[in-house]
Amino acid sequence: MERWDTVGDGVIGVDVGATRLRVGFFSRDGHLLARAEARTPSQGGRGSVAKAVAELIESLAVEGGFAAVGVGTIGPLDVYTGRVVGTPNAGVRSFDLKEPLEERFGVPVYVVNDATAAAWGEFKGGAGVGKLNVVYVTLSTGVGVGAVVDGNLLIGKSGNAVEAGHIVINYRGVVCGCGGVGHWEAYAGGSAIPRLARAIALEESWDSETAERAVRGEIGTPEIFRLWRLGDPFAVRVINEVIEATAAGLANVINVFDPEVVAVGGSVALKNRDFLRKVIEVVPKYALLDVPPIVEASFGDDAVLYGAAWVAIDPPPTLLKYYLRAA
Ligand SMILES: [Zn+2]
């Protein structure tokens, strides 16, 4: 670990989201010491996102420098080059992260998928400390999953392992934003719930103002949750579907990875804790294996930022295998 003596005492964590960039300077034991945020560039070339990240890092004016940079990013990723290739939801579809940041700062830069980073953060500094099998799930505009199995962070051949938001939970089901059929995210992603509501309203004969508004596309996810809480029958119908789907997705992940703990983050979960409690009650109905504790993500809205920092503090050996192969 001699790099700590030579190049600064902390690391930089970076969260590259579709709309927001966040960077943080962290101590080597994972404490956030300074942070900055900006909008993700909506246009520009392959270097535009790295340039914006570099400017944010420089805005922190870290004295003594830093030893490494960890990045958790929207995918899909090319793990060998640390490049995002054809991401569907951001203005700039393809951009470089690893190479330009390494050139700019002269320190190692580690790039993983966002939920993968968050899983590593839970494993090293959150709910998974002392455990070997940890799953992180984000219920946000989409559904993302990362997994540490037998102590190994799962990376996959392109860096996109555990795309569990797109596991099929109903092969006769609704179409996902990605074009696939019956994916978990199509039933539980924050941006998919209004589409799900519309599909239910069209398929079933509802005499309901809420259902009519859903058909006209006038109702967003926060309002559906609000009406659910008020007992609106159509909203209850929709959210019951989301609860079952989310429980099924979690059960699938539990059956596949046999985790000791599942940490759940993302705005849909964190803003609707009553919903998450209902989901947790239903998981055993779909799980074969014993259901482990399902807990709230340790770092809240900053799960990816903390996870990215932990990737820099203690780079996952499974990730380093890919970098050795690329070298
Ligand atoms: Zn999908």
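Rules behind the numbers
- Residues numbered from 1 in each chain as written.
- Predicted model: local features only at pLDDT ≥ 70, side-chain atom pairs only at ≥ 80, totals over all residues.
- Heavy atoms only, no water.
- Helix = DSSP H or I, 4+ residues; strand = E, 2+ residues; numbered from the N terminus.
- Buried < 20%, exposed > 50% of the residue type's maximum accessible area, 1.4 Å probe, protein only.
- Donors = N, O, S within 2.8 Å, 3.2 Å for Na, K, Ca; no water.
- Tetrahedral: all angles 85-135°; square planar, octahedral: opposite > 155°, others 65-115°.
- Pairing = 2+ DSSP bridges.
- Contact = heavy atoms within 4.5 Å.
- Axes fitted to C-alpha atoms, helices over the stretch in contact; angles between N-to-C directions.
- Salt bridge = Lys/Arg side-chain N within 4 Å of Asp/Glu carboxyl O.
- Domains from an automatic or database assignment.
- Buried area = accessible area lost by both parts, 1.4 Å probe.
- Polar contact = N/O pair within 3.5 Å; in protein donor to acceptor, adjacent residues only side chain to side chain.
- Nonpolar A, V, L, I, M, F, W, Y, C, P; charged D, E, K, R; others polar.
- Phe/Tyr/Trp six-rings, centres within 6.5 Å; stacked < 30°, edge-to-face > 60°.
- Arc of directions from axis to C-beta.
- Parallel < 35°, antiparallel > 145°, perpendicular 65-115°, else oblique.
- Left-handed = near helix turned anticlockwise from the far one by under 90°.

(A) Representation of unusual backbone geometry in the model. Put simply, Gly 75 and Pro 76 share a cis peptide bond, and its omega is 0°. With respect to the element layout, Pro 76 can be found in the loop between β4 (66-73) and β5 (77-78). Even without being glycine, Ala 61 reaches a positive phi, approximately 45°. Mapped onto the fold, Ala 61 is located in the loop between α2 (48-59) and β4. What makes Ala 61 exposed here is its relative accessible area of 58%. Look at Asp 258: it is not a glycine, yet its phi comes out positive at around 50°. Tracing the chain through its elements places Asp 258 in the loop between α9 (233-257) and β12 (261-265).

(B) A look at the coordination of the zinc ion. Donor atoms from the polypeptide that coordinate the zinc ion comprise His 166 (ND1), Cys 176 (SG), Cys 178 (SG) and His 183 (ND1), at 1.9 to 2.3 Å from the metal. One can describe the site at the zinc ion as tetrahedral: its 4 donor atoms subtend angles covering 96 to 117° at the metal. Going along the chain, you hit the donors of the zinc ion in the pattern H-x9-C-x1-C-x4-H.

(C) Seen up close, the sheet that holds strand β10 (residues 143-149). Sheet architecture is open: 5 strands sit in the order β11-β10-β9-β12-β13, paired in mixed fashion. Because the sheet does not close on itself, it has two edges, and the strands there are β11 (152-153) and β13 (294-296). Where β12 meets β13, 3 bridges bridge the pair, whose relative direction is parallel. Residue Val 264 lies in a different strand from β13, and its bridge partner there is Glu 296. On the sheet, α9 packs against β9 (134-139), β10, β12 and β13 and is oriented at approximately 160° with respect to β9.

(D) Representation of the pattern of salt bridges. This structure, assessed with the given rule, holds 19 salt bridges. Of the charged contacts, one joins Asp 302 and Arg 22 as a salt bridge, the two residues approaching to 3.0 Å between their closest N and O atoms. Of this pair, Asp 302 sits in the loop between β13 and α12 (303-313) while Arg 22 sits in strand β2 (residues 20-27), placing them 280 residues apart in sequence. Of the two residues examined, Asp 302 and Arg 22, each falls in the buried class. For Arg 229, the salt bridge identified is with Asp 274, shortest N-O distance 2.6 Å. Taken together, the residues span a long stretch of sequence, with Arg 229 in helix α8 (residues 221-230) and Asp 274 in helix α11 (residues 273-286) at a distance of 45 residues. By relative accessible area, which is 42% here, Arg 229 ends up partly exposed.

(E) Representation of the domain arrangement of the protein within the structure. Here the protein is described as being made up of domain 1 (3-120 + 302-326) and domain 2 (130-297). Each side of the interface is counted separately: domain 1 has 17 residues, and domain 2 has 17 residues. For the domain 1 and domain 2 pair, buried surface summed over both sides reaches about 1,300 Å², with 64% attributable to carbon and sulfur atoms. If you look at where domain 1 meets domain 2, you find 0 salt bridges. Between domain 1 and domain 2 we count 6 residue pairs in polar contact (both at pLDDT 80 or more) in total. If you list the elements that add at least two residues to the side of domain 1 that touches domain 2, you get β5, β8 (109-113), α4 (114-125) and α13 (317-326). The greatest single-element share of the side of domain 1 that touches domain 2, amounting to 5 residues, is contributed by α4. Class assignment for the residues of the side of domain 1 that touches domain 2 results in 13 nonpolar, 3 polar and 1 charged.

(F) Structural view of the packing of aromatic side chains. Across all of its chains, the model carries 9 aromatic pairs by this definition. On the numbers, 5.1 Å between centres and 40° between planes, the contact of Trp 120 with Phe 123 is tilted. Of this pair, Trp 120 and Phe 123 both sit in helix α4, 3 residues apart, roughly one helical turn. Here Trp 120 falls in the buried class, since its relative accessible area comes to 2%. Owing to a relative accessible area of 13%, Phe 123 belongs among the buried residues under this scheme.

(G) Up close: helix α6 (residues 193-203). Taken together, the buried positions of α6 are occupied by Ile 193, Leu 196, Ala 197, Ile 200 and Ala 201. Viewed along the axis of α6, the buried residues span an arc of 135°, placing them on a single side of the element. Set apart from the buried face of α6 by more than 90 degrees, the exposed residues are Leu 202 and Glu 203. Looking at the buried positions of α6, the neighbouring elements they touch are α5 (184-188), α7 (209-215), α8 and α9.

(H) Representation of the packing of α9 against α11 within the structure. At a closest axis distance of 8 Å, the pairing of α9 and α11 adopts a crossing angle of 55°. By the criterion of interaxial angle, the relationship of α9 to α11 is oblique. When you trace α9 past α11, the crossing you get is right-handed. Each of Ile 239, Val 242, Ile 243, Glu 244, Thr 246, Ala 247, Ala 248, Leu 250, Ala 251, Ile 254 and Asn 255 in α9 lies in contact with α11, whose residues at this interface are Phe 275, Lys 278, Val 279, Val 282, Val 283, Lys 285 and Tyr 286.

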